[in-house]
Amino acid sequence: MNKQQEKSERQIRRGVAWNLVGLVVNKGASIVVRLIVARLLLPEDFGVIAMITVTLGLVGLLCDLGLKSALIQRSKDELVESSFDSVFWLLFFVGFFWMTAFMLAGIPLMVLVFDEPRLVDLAMVMGISIPLYGVVVVPEARLVRQMRFRTLVTAEMISTLLASITAIALVFSGWGVWALALQELMAKFLRTGFIWRLAHWRPRRHFSLDALHALSGFSRYMLGTELIRYTRQNMDRILIGALLGTASLGVYTMAFMMTETVRSQITGMISRVMFPAYSRAQADRAEVRRLYLKVIRYTTLATFPVAILMILYADKIVPFLFGDAWLEAVAPVQILSLASMLFALTGDPSVVLRSIGRPNIAFYISFWNTILVGIPAIVIATMSFGVNGAAWAIVFHYGSSRIIAQYYLRREILVSEISILKSVLPAFLVVVTILLIGYFLGNAEILSVFNG
């Protein structure tokens, strides 16, 4: 390993370490809040908040326009300072445009789709945060480009902790579902303020269409990919809310939080560090391949043990943590845990493809797999088998997308199936150990956990 690789490894280790600390603190605080609030609120309350956050997440992508990833991916020679100024001013006005559109058209559409008038006041308040999605893009992109993850994670941790403490105080003061809404709103405002404070960057009054045009070739594919990804990840919740109601959506959201949200947080944490690392090494495909296989090893080691424990003991964990009112979440937790394991098998291929300058491939994989496999599977399964059917559709969708992605990774960075299996071997050994311990503790009927 040469000096450049050693420097890159140190930066990656520091980045992953700080993001891991942030993940533990942020997700831990979120889970603590849910543990406390779940015993005081009903699944319907969680369902209403889930409807709003799903919609706001989509609006957030439209406020970004794929430009954050474009700023991170570009090499130093391809960026000028006016690129940052131009992106900021564009997204500043885009954010206010989408906030207005959300208030005037988005909320009435949500009421029509979900048949839930209770969300109007909550959505009006939570929608105030929409412009923040755009104004934080440039300072956050600059911090990531500089691998200043300690600064970024510190801002996120402080924001999450303060918002979580506030939410707990509000729920005990009788604010009910508003405690969850204000937690989301407060966390966004605090995170944006801290990042701006710590990034030490201010926009100049300069705007260049040429600078934006230079980024547009990459950003349009990024926006398309992120929109498809978001559709794929949230179509299940949208359909459950529209077809089955807020109670079922609340149950599914809780199951998703215990499994896929944790998995996606781990994957997102690693991807946030690896995207600039892959981008720096994009001309050296062997180095990209080496880093990618290492990511798979550690992602599966982090995901597999948690997932297999959820599969084995969800029937005990769910009622213990949240109470008997949430027993319907047991089966979805077990099924989505299997989905998390499938996803982790190949890490996040789209990050690799984007970083080596092939965002078009990442987009088309996501688009066609979602259109031809994901959405039909979720629609049919949800309508036929309810919440459990939606969870099984996610398993099918992840499995098919992993196969397609591997074909292109083998072509682009020459990563073989054998090398992936070698990377996953330590995680499989951990799973086998857990299964053997479970067997000797009296859990011999492991394969029947999905029945019922």
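Note that residues are indexed from 1 along each chain, following the sequence as it is written. Totals for whole chains, interfaces and linings use all residues, but because this is a predicted model, local features are given only for residues with pLDDT of at least 70 and pairs of side-chain atoms are given and counted only at 80 or more. Calculation of side-chain values draws on the structure's entire complement of heavy atoms; hydrogens and water are dropped beforehand.

Explain the overall build of the chain to me, please; I cannot follow it from the model alone.
The secondary structure listing takes helices from DSSP runs of H or I that are at least 4 residues long and strands from runs of E that are at least 2 residues long, numbered from the N terminus. Helix and strand counts for the chain come out as 17 helices and 0 strands. Here the term buried applies to any residue with accessible area under 20% of the maximum for its type, exposed to any over 50%, and partly exposed to those in between, with areas from a 1.4 Å probe on protein chains only. In the chain, which comprises 452 residues, the proportion classed as buried is 56%. Note on definitions: a residue-residue contact is assigned when non-hydrogen atoms from the two residues lie within 4.5 Å. For the chain, the proportion of contacts with a sequence separation of at least 24, taken over those separated by at least 6, is 85%. For the accessible areas, the method is Shrake-Rupley and the probe is 1.4 Å, while residue cover comes only from the protein chains on display. As presented, the chain carries roughly 19900 Å² of accessible surface, and 67% of it is formed by carbon and sulfur atoms.

Would you mind going over the packing of helix α13 (residues 285-322) against helix α16 (residues 359-413) with me for this structure?
In a packed pair of helices, the relevant descriptors are the angle between the two axes and the axis-to-axis distance. Axis definition: a line fitted to C-alpha atoms, limited for helices to the stretch in contact. Angles are taken between N-to-C directions and run from 0 to 180 degrees. α16 packs onto α13 with a crossing angle of 140° between their chain directions and a minimal axis gap of 9 Å. On the basis of the axis angle, α13 is oblique to α16. Contact residues: α13 offers Arg285, Val288, Arg289 and Tyr292, while α16 offers Leu409, Glu412 and Ile413. Under the grouping applied here, Gly and all other residues not named as nonpolar or charged are polar, the nonpolar ones being Ala, Val, Leu, Ile, Met, Phe, Trp, Tyr, Cys and Pro and the charged ones Asp, Glu, Lys and Arg. When its residues are assigned to classes, the contact of α13 with α16 shows 4 nonpolar, no polar and 3 charged. Note on angle classes: values under 35 degrees are labelled roughly parallel, values over 145 roughly antiparallel, values of 65 to 115 roughly perpendicular, and the remainder oblique.

Looking at this model, I keep getting lost on the environment of Leu327. Mind explaining?
Relative to the elements of secondary structure, Leu327 occurs in the loop between α13 and α14 (330-344). Residue Leu327 is classed as partly exposed on the basis of its relative accessible area, which comes to 44%.

Mind showing me how you'd approach helix α4 (residues 81-114) here?
Along an α-helix, a turn takes 3.6 residues, which lines up residues three or four apart on a common side. Along α4, the sharpest change in direction is near 45° and occurs at Phe102. Remark: Asp115 follows α4 within two positions and exhibits a positive phi of approximately 55°. Think of it this way: the bend at a residue is just the angle between two axes, each fitted to seven residues, one set ending at that residue and the other starting at it.

Looking at this structure, how should I read the side chain of Glu412?
Inspection of the secondary structure assignment puts Glu412 in helix α16. On the basis of relative accessibility, which here comes to 13%, the residue Glu412 falls in the buried class. Apart from the residues lying within four places of it in its own chain, the contact partners of Glu412 are Arg285, Leu353, Ile356, Arg358 and Ile361.

Would you mind going over the side chain of Ser401 with me for this structure?
Tracing the chain through its elements places Ser401 in helix α16. Residues adjacent in sequence count toward polar contacts only when both atoms are side-chain atoms; beyond that, a polar contact is any pair of N or O atoms within 3.5 Å, and within protein one must be able to donate a hydrogen and the other to accept it. Separated by 2.9 Å, the side chain of Ser401 and the backbone oxygen of Tyr398 make a polar contact. Polar contacts involving the side chain of Ser401 include one to the side chain of Arg402, which spans 3.4 Å.

Even after reading the chapter, I still don't get α13, so can you show me in this structure?
Multiplying 1.5 Å by the helix residue count minus one yields the expected span of that helix. For α13, built from 38 residues, the straight-helix expectation of 56 Å at 1.5 Å per residue is missed by more than 12%, its first-to-last C-alpha distance being only 47 Å. Remark: the principal bend of α13, roughly 85°, maps to Tyr313. At the C-terminal side of α13, Gly323 shows a positive phi close to 100°.

Would you explain the pattern of salt bridges in this entry?
Should the charged atoms of two oppositely charged side chains come close, the side chains can pair. By convention in these notes, a salt bridge is any Lys or Arg side-chain nitrogen within 4 Å of a carboxyl oxygen on Asp or Glu. Tallied over the full model, the rule gives 10 salt bridges. Between Lys68 and Glu140 there is a salt bridge, and its shortest N-O distance comes to 3.4 Å. Linking Lys68 in helix α3 (residues 67-73) with Glu140 in helix α7 (residues 137-145), this pair joins segments that are 72 residues apart in sequence. According to the relative accessible area criterion, Glu140 is buried, its value standing at 6%. The partner of Glu184 in a salt bridge is Lys188, and the shortest N-O contact between them spans 3.8 Å. Highlighted residues: Glu184 and Lys188, both in helix α9 (residues 178-199), separated by 4 residues, approximately one helical turn. Residue Lys188 is classed as partly exposed on the basis of its relative accessible area, which comes to 23%. Residues joined in a network through salt bridges with shared partners are Lys68, Glu140, Glu156 and Arg191.

Honestly, the packing of aromatic side chains in this entry has me stumped. Any pointers?
Each Phe, Tyr or Trp ring, with Trp reduced to its six-membered ring, pairs with another whose centre is within 6.5 Å; inter-plane angles below 30 degrees give stacked pairs, above 60 give edge-to-face pairs, and intermediate values give tilted ones. Within this structure, the stated rule accounts for 15 aromatic pairs. Considering the side-chain rings of Phe88 and Trp89, the 4.9 Å spacing of their centres and the 75° angle between planes classify their relative orientation as edge-to-face. What makes Phe88 buried here is its relative accessible area of 6%. Ring plane angle 25° and centroid distance 5.7 Å describe the contact between Phe363 and Phe367, whose orientation is recorded as stacked. With Phe363 and Phe367 both in helix α16 and 4 residues apart, this pair spans about one turn of that helix. Take Phe367: its relative accessible area is 25%, and that puts it in the partly exposed class. Site record: aromatic cluster; members linked through ring pairs are Phe88, Trp89, Phe92, Phe93, Phe96, Trp196 and Trp201. Here the guanidinium or amino end of Arg142 rests over the ring plane of Phe84, the centre of that ring lying 4.7 Å away. As a reminder, the over-ring test applies to NZ of lysine and CZ of arginine, requiring each to be within 6 Å of the ring centre and within 35 degrees of the ring normal. For the cation-ring pair, Arg402 lies above Phe343, with the distance from its terminal atom to the ring centre recorded as 4.3 Å.

Before we go on, may I ask you to explain the nonpolar core in this structure?
Most often, soluble globular proteins have nonpolar side chains that are buried together. Only buried residues count toward a nonpolar core, which is a set of Ala, Val, Leu, Ile, Met, Phe, Trp, Tyr and Cys residues joined through side-chain atoms within 4.5 Å. Ile52, Phe102, Leu119, Tyr252 and Val318 are the most contacted members of the largest nonpolar core, which has 63 residues in total. Sorting elements by how many residues they give to this core places α16 first, with 10 residues. Sequence-distant contacts of Tyr252, defined by excluding residues within four places in its chain, comprise Asp236, Arg237, Ile240, Leu336, Val387, Ala390, Ala391 and Ile394. By size, the runner-up hydrophobic cluster in this structure holds 34 residues, among which are Val288, Ile296, Ile361 and Ile365.

Looking at this model, I keep getting lost on the confidence of the model for the chain. Mind explaining?
Close inspection of predicted coordinates is inappropriate in any region flagged by low pLDDT. You can read pLDDT as the predictor saying how much it trusts each residue, on a scale of 0 to 100. For the chain, per-residue confidence averages 80 on the pLDDT scale, and residues scoring 70 or more make up 86% of the total. At the level of individual helices and strands, the chain shows its lowest average pLDDT in helix α1 (residues 3-38), which scores 65, and its highest in helix α6 (residues 130-135), which scores 91.

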